[in-house]
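# Commentary on secondary and tertiary structure
Now for the letters of each chain:
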Amino acid sequence: MGRPYGLLRAGFPYLKCLSMRRTTNFPSDIAIGKEGRLYILCRNDGTASIRKYTVDDEDRGTMGRYGQGEGQFTWPVTIIADNEENIYVSDEYLHRIVAFNSDGEHIGTWGEHGTDPGQINGPAGIAFDPEQNLYIVDSLSHRVQKFTKDGKFLLGWGSYGDAEGEFNMPWGVAVDELGDVYVVDWRNDRVQKFNAEGEFLFAFGKSGSGNGEFNRPAGIDVDLYGDIYVADRGNDRIQLFNAEGRYVQKFLGDAMLSKVSLAYMMTNASPNRMRDMADLEPQKYLRQPKSVAVSDDGLMFVPDFGSYRVQVYLRQTVPLTEQEFSPPRRSVTLHQE
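Reference entry: report on the structure contained in this document. All figures in this text were calculated on a predicted structure; none of them were measured in a lab. (Residues numbered from 1 in each chain as written. Predicted model: local features only at pLDDT ≥ 70, side-chain atom pairs only at ≥ 80, totals over all residues. Heavy atoms only, no water.)

## A look at the nonpolar core
Nonpolar side chains tend to gather and get buried jointly when the protein is soluble and globular. Of all hydrophobic cores here, the largest spans 15 residues; its most connected members are F12, Y229, I238, F251 and M300. Elements that contribute at least two residues to this core include exactly β2 (14-18), β22 (228-232), β23 (237-241) and β26 (299-304). Excluding residues that lie within four positions of it along the chain, F12 makes contacts with Y229, L240, Q249, F251, G298, M300, Y313, L314 and R315. (Core = buried A, V, L, I, M, F, W, Y, C linked by side-chain atoms within 4.5 Å. Buried < 20%, exposed > 50% of the residue type's maximum accessible area, 1.4 Å probe, protein only. Helix = DSSP H or I, 4+ residues; strand = E, 2+ residues; numbered from the N terminus. Contact = heavy atoms within 4.5 Å.)

Listed below in structure tokens is the structure:
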């Protein structure tokens with residue numbers, strides 16, 4: 001399926017909240033599996049785990065374990081699923097990739113610490129391309145590298161700096177259905193786009209808090225229509241851009257109590273009284289989101305790092321044909337006739 005000629009963005013409403021404190025403390029990333037399965041990576045000082053969840057807010061237990069042995073992780077950053085629903089996790093402290101099957105069984109660990117081509121130095125973002133090759137953001141070496149799923153080095157590019165194709169501690173990475181690569185350039189407060197061979201295509205973003213500006217952006221995803229989603233961590237929001245990098249809208253958070261939170265509250269009188277006395281307005285906002293993930297059916301998942309939950313939104317987008325979408329105009333201001 002190719003991309004549509006144009007898009008009617010009818011809306012992007014908040015849908016639901018998943019999980020709560022104690023079950024997903026400090027959720028930093030999320031991988032989308034099949035049939036509503038989710039894998040939530042939780043990380044804090046001295047602890048890390050993967051919580052298995054469902055879109056229906058059902059807790060399915062934990063997989064993976066904190067540590068430095070085989071099948072363990074110490075400072076995990078990103079979690080993704082391949083087309084067989086095997087789970088891959090980057091570990092920036094141990095400089096390696098750890099893989100599990102969907103049942104949580106360890107199926108592989110690879111990575112050699114270093115700065116030479118094919119070695120890994122502080123891996124952060126990871127993403128599969130359409131051929132299931134793995135791109136790794138080598139944050140401490142300011143570069144991107146491409147490997148096979150079992151760790152064979154294919155290519156790499158990037159160096160320290162702020163020019164086109166240079167990075168300053170890059171973080172997140174996403175690959176679209178065409179094979180193009182999007183890299184969050186963390187300390188340069190921008191996103192850069194490359195083709196599959198590492199050739200620079202364009203960049204967008206600058207430091208700030210206005211629309212289209214960033215304050216230490218972290219995670220990124222691209223949907224099947226080419227829209228780009230960026231976790232603007234320092235500004236406590238998700239920003240949405242079109243395929244050309246033009247700002248579209250932002251998400252600040254709309255959280256309500258999740259299903260499991262409601263069940264907990266109904267058996268605990270003290271939290272109910274505390275909530276009744278609180279100002280509820282700030283409780284809905286995102287706090288330091290590090291990542292964002294969009295499913296093929298249009299669900300946007302935002303691990304709300306500082307609030308121990310996942311906020312979920314539903315994309316409402318209609319593909320348009322050339323007959324339904326007029327040529328570009330000088331002004332993009334919407335108004336009522």
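## Quick word on empty space enclosed by the protein
Tallying each qualifying case throughout the model produces one cavity of 30 Å³ or more. When its volume is computed, the largest cavity comes out at roughly 40 Å³. Here the lining of the largest cavity is built from residues that sort into two nonpolar, four polar and three charged. (1 Å grid on protein atoms, 1.4 Å probe; cavity = no way out; pocket = protein on both sides within 12 Å on 5 of 7 lines; lining within 4 Å. Points joined across faces, edges and corners; volume = space filled by probe spheres on them. Nonpolar A, V, L, I, M, F, W, Y, C, P; charged D, E, K, R; others polar.)

## Observations concerning the pattern of salt bridges
For the structure on display, the rule yields 20 salt bridges. For D227, the salt bridge identified is with R9, shortest N-O distance 2.7 Å. One end of the pair, D227, is in the loop between β21 (220-222) and β22; the other, R9, is in strand β1 (residues 6-11), with 218 residues separating them in the sequence. Judged by its relative accessible area of 29%, R9 falls in the partly exposed class. Here D82 makes a salt bridge to K149, at a shortest N to O gap of 3.0 Å. Of this pair, D82 sits in the loop between β9 (76-81) and β10 (87-91) while K149 sits in the loop between β15 (143-147) and β16 (153-157), and the two are 67 residues apart along the sequence. Using a relative accessible area of 6% as the deciding quantity, one classes D82 as buried. (Salt bridge = Lys/Arg side-chain N within 4 Å of Asp/Glu carboxyl O.)

## A word on the environment of R233
Structurally, R233 is set in the loop between β22 and β23. Taking the C-alpha atoms as reference points, R233 and E112, 121 residues apart in sequence, are found 29 Å from one another. Apart from the residues within four sequence positions on either side, R233 is in contact with N215, R216, P217, Q288, P289, K290 and F305.

## A closer look at the sheet that holds strand β18 (residues 181-185)
In space, the four strands of this open sheet follow the order β17-β18-β19-β20, with antiparallel pairing throughout. Since the sheet does not close on itself, it has two edges, and those belong to β17 (173-175) and β20 (200-204), each with one partner. The mean angle between the axes of side-by-side strands here comes to 20°, regardless of whether they run parallel or antiparallel. Here strand β19 (residues 190-194) runs beside β20; their pairing, made up of four bridges, is antiparallel. Across the sheet, Q192 pairs through a bridge with A203, a residue of β20. (Pairing = 2+ DSSP bridges. Axes fitted to C-alpha atoms, helices over the stretch in contact; angles between N-to-C directions.)

## Considering the sheet that holds strand β25 (residues 293-294)
Either a parallel or an antiparallel arrangement is found when strands of a sheet pair, and the pairing is made through backbone hydrogen bonds. The four strands lie next to each other as β2-β27-β26-β25, forming an open sheet whose pairing is antiparallel. Each having just a single partner strand, β2 and β25 make up the two edges of the open sheet.

## Section: the pairing of strand β6 (residues 59-63)
When strand β5 (residues 47-54) meets β6, the two strands line up antiparallel, connected through three bridges. Bridge pairing in β6 places Y53 opposite D59. Taking the residues that link successive antiparallel strands as the turn, the β5-β6 hairpin has four residues, and the phi of D57 there is positive, at about 70°.

Function-wise, these values are silent; they only describe arrangement.
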